[in-house]
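These are the residues of each chain, in order.
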Amino acid sequence: FPSHDKIQADFMITDITAITKYDYEDLCDLMIHFAKSSGVKDLDKDAYDKDYAKNILLRCEKTGASFIARQNGTAIGMILSMRVQELWIPNIIRLRELAWFVVPEYRHTSVGARLFSEYKKTAEIMMKEGKISGFTMTKLHNSDDFDYEKRGFKFIEATYMVGA
């Protein structure tokens, strides 16, 4: 793994771009890494259905604000989202963040913040255009502290799980 000094020196060549079909293989690999680090036992699998995952990624690409971070061409992070209907009032459409992940070697650089910034900026444009009525962020139990309220979000709920 690169040293922290090396990461800092190479930071300026990190690209953050909207996802395309050409990113799907790398995104599937990042999703597996994300799932294995989530702490949820049944997500820690060696075999995932990549065709199913690619269908989800297509929906993220076409309806969401989804971005990939690359360092010298290597995928190092992502933020994925898609538009979804509100369960009880289906004409309300929200942008739901599905996964925000940076590989461990690039945490505590600005990569995660830059992914978040692109997501939030794009979601705000989607709101102004009337495509969504709001957007969400999820904080996992093992995520670093990140003050969402300071960034304009309102705390709504916490989710607990049996069998995790």
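In short, a report on the structure. Everything numeric in this text was worked out from a predicted model, so none of it was measured.

Thoughts on the overall build of the protein chain
- What the protein chain contains, in helices and strands, is four helices and five strands.
- Listing each helix as α and each strand as β along the protein chain from the N terminus yields α-β-α-α-β-β-β-α-β.
- Taken over 164 residues, the protein chain has a buried fraction of 36%.
- In the structure as shown, the protein chain presents an accessible area of about 10500 Å², 54% of it carried by carbon and sulfur atoms.

Comments concerning the packing of helix 2 (residues 24-36) against helix 3 (residues 50-63)
- Relative orientation of the contacting elements helix 2 and helix 3 amounts to 105°, with a least axis distance of 10 Å. One finds that helix 2 runs roughly perpendicular with respect to helix 3. Here helix 2 contributes Tyr24, Glu25, Leu27, Cys28, Asp29 and Ile32 to the contact with helix 3, which in turn contributes Lys50, Ala53, Lys54, Leu57, Leu58 and Glu61.
- Residue classes in the contact of helix 2 with helix 3 are distributed as seven nonpolar, no polar and five charged.

Quick word on the environment of Leu95
- If you trace the backbone, Leu95 turns up in strand 4 (residues 93-102).
- For Leu95 and Met126, which are 31 residues apart along the polypeptide, the C-alpha to C-alpha distance reads 8.9 Å.

Comments concerning the nonpolar core
- Ranked by internal contacts, the top residues of the largest apolar core, which has 37 residues, are Leu27, Met78, Leu95 and Leu115.
- Mapped by element, the contributors of at least two residues to this core are helix 2, helix 3, strand 2 (67-71), strand 3 (74-85), strand 4 and helix 4 (111-128).
- Counting residues per element, this core draws most heavily on strand 3, at seven residues.

Focus: the packing of aromatic side chains
- Following the criterion strictly, the structure yields three aromatic pairs and no others.
- Judged by centre distance (5.9 Å) and plane angle (80°), the rings of Tyr119 and Phe135 are edge-to-face. Remark: Phe135 occurs in strand 5 (residues 134-135) and Tyr119 occurs in helix 4; sequence separation between them is 16 residues.

As for helix 4
- Spanning 18 residues, helix 4 covers 26 Å between terminal C-alpha atoms, matching the ideal 26 Å at 1.5 Å per step.
- Buried residues of helix 4: Val111, Gly112, Leu115, Phe116, Tyr119, Ala123 and Met126, and no others. Along the long axis of helix 4, the arc covered by the buried residues comes to 135°, so they all point the same way.
- Buried residues along helix 4 sit against strand 1 (14-18), helix 3, strand 2, strand 3, strand 4 and strand 5.
- With its phi angle positive at about 80°, Gly130 sits one or two positions after the end of helix 4.

Structural notes on the environment of Ile76
- By secondary structure assignment, the location of Ile76 is in strand 3.
- For Ile76, a relative accessible area of 2% corresponds to the buried category.
- C-alpha separation for the pair Ile76 and Val111, spaced 35 residues apart in sequence, amounts to 8.5 Å.
- Beyond its immediate stretch of four places on either side in the chain, Ile76 contacts Thr14, Leu30, Ala69, Arg70, Gln71, Phe101, Val102, Val103, Tyr106 and Val111.

Some remarks on the sheet that holds strand 1
- Across the sheet, five strands lie side by side as 1-2-3-4-5; this open sheet has mixed pairing. For this open sheet the edge positions go to strand 1 and strand 5, each flanked by a neighbour on one side alone.
- In this sheet, strand 2 lies alongside strand 1 in antiparallel orientation, the contact comprising five bridges. Bridging across to strand 2, Asp15 finds its partner in Arg70.
- Strands strand 2, strand 3 and strand 4 of the sheet are contacted by helix 2, whose axis makes an angle of about 85° with strand 3.

Rules behind the numbers
Residue numbers run consecutively from 1 along every chain, following the written order of its sequence. Local features in this predicted model are restricted to residues of pLDDT 70 or higher, and side-chain atom pairs are both shown and tallied only at a pLDDT of 80 or more, whereas totals for entire chains, interfaces and linings draw on every residue. By convention in this description, side-chain values take in all heavy atoms of the structure and omit both hydrogens and water. Under the scheme used here, helices are H or I runs from DSSP no shorter than 4 residues and strands are E runs no shorter than 2 residues, and both carry numbers assigned from the N terminus. Note on exposure labels: buried denotes an accessible area under 20% of the residue type's maximum, exposed denotes more than 50%, and partly exposed covers the range between, all computed with a 1.4 Å probe on protein chains only. Residue-level accessible areas treat just the shown protein chains as cover; the underlying method is Shrake-Rupley with a 1.4 Å probe. Angular values range over 0 to 180 degrees, each being the angle between N-to-C directions of two axes fitted as lines to C-alpha atoms, with helices fitted over their stretch in contact. Roughly parallel here means an angle under 35 degrees, roughly antiparallel means over 145, roughly perpendicular means 65 to 115, and every remaining angle is called oblique. By definition in these notes, contact holds between two residues if any of their heavy atoms fall within 4.5 Å. Amino acid classes used here: Ala, Val, Leu, Ile, Met, Phe, Trp, Tyr, Cys and Pro are nonpolar; Asp, Glu, Lys and Arg are charged; the rest, including Gly, are polar. Put simply, a nonpolar core is a bunch of buried Ala, Val, Leu, Ile, Met, Phe, Trp, Tyr and Cys residues held in one set by side-chain atoms that sit within 4.5 Å of each other. Aromatic rings from Phe, Tyr and Trp, taking only the six-membered ring of Trp, are treated as a pair when their centres fall within 6.5 Å; an angle between ring planes under 30 degrees marks them as stacked, one over 60 as edge-to-face, and anything in between as tilted. The span one expects for a helix is its residue count, reduced by one, times 1.5 Å. Directions are taken from the helix axis to each C-beta atom, and the arc is the one they span. Here, any two strands with at least 2 DSSP bridges between them count as paired.

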